Amino acid sequence: TLFKPTGSITGKVMTKNNTIAGGAMVLAYDSQGAEKSRAVADAKTGIYTLDRLNQNESYTLKVFSSAKAKAGTWTTEAGYATGTATAASPAVTLNLILN
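Residues numbered from 1 in each chain as written. Predicted model: local features only at pLDDT ≥ 70, side-chain atom pairs only at ≥ 80, totals over all residues. Heavy atoms only, no water.

Chemist: Would you explain the overall build of the chain in this entry?
Modeler: Secondary structure summary: the chain contains one helix and eight strands in total. Taken from N to C terminus, the helices and strands of the chain fall in the order β-β-β-β-β-α-β-β-β. Residues classed as buried in the chain amount to 38% of the 99 residues present. Within the chain, contacts between residues at least 6 apart in sequence are counted, and of these 60% link residues at least 24 apart. Summed over all atoms, the accessible surface of the chain reaches about 5800 Å², with 50% contributed by carbon and sulfur. (Helix = DSSP H or I, 4+ residues; strand = E, 2+ residues; numbered from the N terminus. Buried < 20%, exposed > 50% of the residue type's maximum accessible area, 1.4 Å probe, protein only. Contact = heavy atoms within 4.5 Å. Areas by Shrake-Rupley, 256 points an atom, 1.4 Å probe, with all protein chains shown as cover.)

Here it is in C-alpha cells:
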C-alpha cells in the first residue's frame, strides 16, 4: 500500500449569537459519505481538531450542539451546521457557526 500523507482540519465552533459552543461534536466525511474523523469542541475555547485525514482531500464537516451529541441525535434540526474543507499540514482552519 502507498503511504498517504495526513493532514488536519481545525477551527472554532460558535453559536449564531457569537458564544462558544463547547462540547459540540464535529464529524468529517469523505466524498463517499463515510465518516473519517470526529472531535469534540473544547468546553472553554470551542476549538476542535480533526486529525489523521488524507492530506489534500476534501471533507464535509457536520457539527452538532453538545445537547445533540450527548443524545446521539444526528439530525439536521436546530444545532446543526455544515461546511467543507481540504485537509492540510499544517492544519487548515474552518470555523463553524451553529444554527
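Chemist: Teacher, can you tell me more about the nonpolar core here?
Modeler: Note that soluble globular proteins tend to have their nonpolar side chains buried in a common cluster. Ile9, Val13, Val26, Tyr48, Leu50, Leu61 and Val63 are the most contacted members of the largest nonpolar core, which totals 20 residues. Breaking this core down by element, the ones donating at least two residues are β1 (6-15), β2 (25-29), β4 (47-54), β5 (58-64), β6 (80-86) and β8 (96-98). Ignoring sequence-local partners within four residues, the contact set of tyrosine 48 consists of Ile9, Thr10, Gly11, Lys12, Val13, Val26, Ala39, Ala41, Leu61, Leu94 and Leu96. (Core = buried A, V, L, I, M, F, W, Y, C linked by side-chain atoms within 4.5 Å.)

Chemist: How should the pattern of salt bridges be read in this particular structure?
Modeler: Opposite charge on two side chains permits pairing when their charged atoms draw close. Inspection of every chain in the model, using the stated rule, returns three salt bridges. Between lysine 4 and glutamate 57 there is a salt bridge, with its nearest N and O atoms 3.5 Å apart. With lysine 4 in the segment before β1 and glutamate 57 in the loop between β4 and β5, this pair connects stretches of sequence that are 53 residues apart. Of the charged contacts in the structure, one is a salt bridge between lysine 36 and aspartate 30, with a shortest N-O distance of 3.8 Å. Assessed through its relative accessible area of 16%, aspartate 30 is described here as buried. (Salt bridge = Lys/Arg side-chain N within 4 Å of Asp/Glu carboxyl O.)

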